[in-house]
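Listed here are the chains, written in short residue letters.
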Amino acid sequence: MNRYQEILSNFPFPLYLAPMEGVTDEVYRNICKELGADIVISEFISSDALIRDIDASLQKMLFSEHQRPFGIQIFGHDEITLRQAAEKAAEANPDFIDINWGCPVKKIVSKGAGSAILKNIPLMISLTQAVVASVKIPVTVKTRLGWEEHNKPIITVAEQLQDVGIQAITIHGRTRSQMYSGHADWTLIGQTKENPRLQIPVIGNGDIDSGTKAIDYYQRYHVDGIMVGRAAIGNPWIFEEIKNVFYQRENHDYSYEQRVAMCLRHLQETAEIKGEKKAVLEMRCHYAGYFKAIPFFKEKKIKLMRATTVEECRDILMDKSL
Ligand SMILES: Cc1cc2nc3c(=O)[nH]c(=O)nc-3n(C[C@H](O)[C@H](O)[C@H](O)COP(=O)(O)O)c2cc1C
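About the criteria used
- Residues numbered from 1 in each chain as written.
- Predicted model: local features only at pLDDT ≥ 70, side-chain atom pairs only at ≥ 80, totals over all residues.
- Heavy atoms only, no water.
- Helix = DSSP H or I, 4+ residues; strand = E, 2+ residues; numbered from the N terminus.
- Rg over C-alpha atoms; globule rule 2.2 N^0.38 Å.
- Contact = heavy atoms within 4.5 Å.
- Areas by Shrake-Rupley, 256 points an atom, 1.4 Å probe, with all protein chains shown as cover.
- Lys, Arg positive; Asp, Glu negative; His and termini not counted.
- Charge placed at Lys NZ, Arg CZ, Asp CG, Glu CD.
- 1 Å grid on protein atoms, 1.4 Å probe; cavity = no way out; pocket = protein on both sides within 12 Å on 5 of 7 lines; lining within 4 Å.
- Points joined across faces, edges and corners; volume = space filled by probe spheres on them.
- Nonpolar A, V, L, I, M, F, W, Y, C, P; charged D, E, K, R; others polar.
- Domains from an automatic or database assignment.
- Phe/Tyr/Trp six-rings, centres within 6.5 Å; stacked < 30°, edge-to-face > 60°.
- Buried < 20%, exposed > 50% of the residue type's maximum accessible area, 1.4 Å probe, protein only.
- Lys NZ or Arg CZ within 6 Å of the ring centre and 35° of its normal.
- Patch = residues over 30% accessible without salt bridge, like charges linked within 9 Å, V, L, I, M, F, W, Y side chains within 5 Å.
- Salt bridge = Lys/Arg side-chain N within 4 Å of Asp/Glu carboxyl O.
- Near = heavy atom within 4 Å.
- Polar contact = N/O pair within 3.5 Å; in protein donor to acceptor, adjacent residues only side chain to side chain.
- Sits in = over half its atoms within 2 Å of the grid points.

Colleague: Would you mind showing me how to read the overall build of the protein here?
Modeller: Regarding its fold elements, the protein presents 16 helices and nine strands. Its C-alpha atoms give the protein a radius of gyration of 20 Å, within 12% of the compact-globule value 20 Å for 322 residues. Considering only intrachain contacts with a sequence separation of at least 6, the fraction spanning at least 24 residues in the protein is 69%. Surface accessibility of the protein: about 14,200 Å² in total, with carbon and sulfur atoms responsible for 51%. Within the protein, the 41 negative side-chain charges are centred at a point lying 4 Å from the centre of the 39 positive side-chain charges.

Colleague: Would you mind going over empty space enclosed by the protein with me for this structure?
Modeller: Gaps between atoms show up when a probe of the same size as a water molecule is rolled over them. Inspection of the entire model under this criterion finds two cavities of 30 Å³ or more. Taken together, G22, V23, D25, H266, T270, A279, E282, M283 and H286 make up the full set of residues lining the largest cavity. Breaking the lining of the largest cavity down by element, the ones donating at least two residues are α12 (256-274) and α13 (276-283). Residue contributions to the lining of the largest cavity peak at three residues, all from α13. The residue inventory of the lining of the largest cavity, partitioned by class, reads three nonpolar, four polar and two charged. Among the domains, domain 1 (3-246) and domain 2 (256-318) are the pair contributing at least three residues each to the lining of the largest cavity. Every residue lining the second largest cavity is listed: Y4, Y16, I41, F96, D98, T140, V141, A168, I169, T170 and I203. Those elements that place two or more of their residues in the lining of the second largest cavity are β5 (96-101), β6 (139-146) and β7 (168-175). Here the lining of the second largest cavity takes three residues from β7, the largest share from any one element.

Colleague: What's the story with the packing of aromatic side chains in this structure? I'm lost.
Modeller: Going through the model one piece at a time under the given rule, you end up with 16 aromatic pairs. Measuring from ring centre to ring centre gives 4.3 Å for F63 and F70, while their planes differ by 25°; the resulting arrangement is stacked. In this pair, the class of F63 matches that of F70, namely buried. Geometrically, the ring pair formed by Y218 and F246 is edge-to-face, given 6.5 Å between the ring centres and 80° between the ring planes. With a gap of 28 residues between them, Y218 in helix α10 (residues 211-221) and F246 in helix α11 (residues 237-246) connect regions that are remote in the sequence. The class of Y218 is buried, set by a relative accessible area of 17%. The structure contains a cluster of three or more aromatic residues connected by ring pairs, namely W237, Y254, Y256, Y290, F291, F296 and F297. Note that R144 overlies the ring of Y180, its terminal NZ or CZ placed 5.2 Å from the centroid.

Colleague: Honestly, a negative patch on the surface in this entry has me stumped. Any pointers?
Modeller: Negative charge collects at one region of the surface, where E276, E311, E312, D315 and D319 lie side by side. Looking at the secondary structure, you find D315 in helix α16 (residues 310-318).

Colleague: What is the right way to read the side chain of E282 from this model?
Modeller: Its location among the elements puts E282 in helix α13. We classify E282 as buried; its relative accessible area is 19%.

Colleague: Sorry, what's going on with the site of the ligand here?
Modeller: Around the ligand, 16 residues are found, and the nearest of them are Q73, K142, N205, D207 and R230. Within the backbone of P19, an N or O atom sits 2.9 Å from an oxygen atom of the ligand. At 3.1 Å from an oxygen atom of the ligand is found a main-chain nitrogen or oxygen belonging to F44. Taking a 2 Å distance to the grid points as the criterion, the majority of the atoms of the ligand fall inside the largest pocket. A per-class count over the shell around the ligand returns six nonpolar, six polar and four charged.

Colleague: Honestly, the pattern of salt bridges in this entry has me stumped. Any pointers?
Modeller: Two side chains that carry opposite charge are able to pair once their charged atoms sit near each other. The full count for this structure, using the stated rule, is 20 salt bridges. For D38, the salt bridge identified is with K243, shortest N-O distance 2.9 Å. One end of the pair, D38, is in the loop between α2 (26-34) and β2 (39-41); the other, K243, is in helix α11, with 205 residues separating them in the sequence. Across the pair, exposure class does not vary: D38 and K243 are buried alike. Taking the shortest distance from any N to any O, the salt bridge between E159 and R197 comes out at 2.3 Å. Highlighted residues: E159 in helix α8 (residues 154-163) and R197 in the loop between α9 (186-194) and β8 (202-205), separated in sequence by 38 residues.

Colleague: For this particular structure, what's the right way to read unusual backbone geometry?
Modeller: Looking along the chain, the bond that leaves R68 and enters P69 is cis, with omega of -5°. Position of P69 among the secondary structure elements: in the loop between α4 (55-60) and β4 (70-75). In this structure, D207 is a non-glycine residue whose phi angle is positive, near 70°. Of note, D207 is situated in the loop between β8 and α10. For Q248, which is not glycine, the phi dihedral falls at a positive 55°. Tracing the chain through its elements places Q248 in the loop between α11 and α12.

Structure (structure tokens):
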């Protein structure tokens, strides 16, 4: 059993909050953990910025002890920088380091980082090997099926990555050219897991948006863990829902007041760490999730998108006349 498998063995149903830039900061990871996420990972961190001690990157590495197991995710394209960034990330004492080989965003891909590496598998393998060799803690990889529809080498890629020492792989069941369109192809995730040569844990990711789907896919594709991304934005209760289905407990709905309380806590704590302006801006992506099922929310949302202070947001959320 590798070190990472030991970590996973503590969880009957390993449930991950996906790393999401601008979303899964320290505050939101805490909230999701409290509601049932088992393993959380930082937002991606540029290895270039990390080794230059850029404040925003150092801040992304901060975590509290109760967030463990916690992984720091780095991205980059050049061996020396990636090694140095991994060493620096390891000094922050996370439980593992995750390499992002899956980001489809043009700004990242154009530099040869993220999913761009799927066009050069030998380089992906050698850079990963260099990172594994540079730190003592487990290194994992998060990637996609391949670069495009007719090029989905994930089964052999996973094997090669295992052979250079990664301890787990997360697969988002899309290609880079799909970006976020279409459906995640879990069949190929399942086939990667079933490869008898693959011993390391495989975590499945893509389109999980309910408790029943999470459990269904977990059992159908025999993955070692399930990772939830977009469905968790503004909806930390997704983790509770998934756990409730897993443990055959009853699910319950949250009232508008309970949603407001959680949302305000999120906003307030973010403001304390990042400052009011940034917190108010960052919260905007969460409102649709927090108040998805609330029929009268539309008008409040328009106002929230224009609000600039925490107090304004609080007034809009609490205003009973709206
Ligand atoms: C706003 C946003 C930011 C993201 N940032 C990251 C990131 O920093 N690192 C990463 O590996 N993936 C990132 N992703 C991808 C997610 O981790 C996940 O792989 C993807 O959303 C598919 O899972 P889902 O269908 O459950 O959303 C991001 C996705 C979104 C929507």
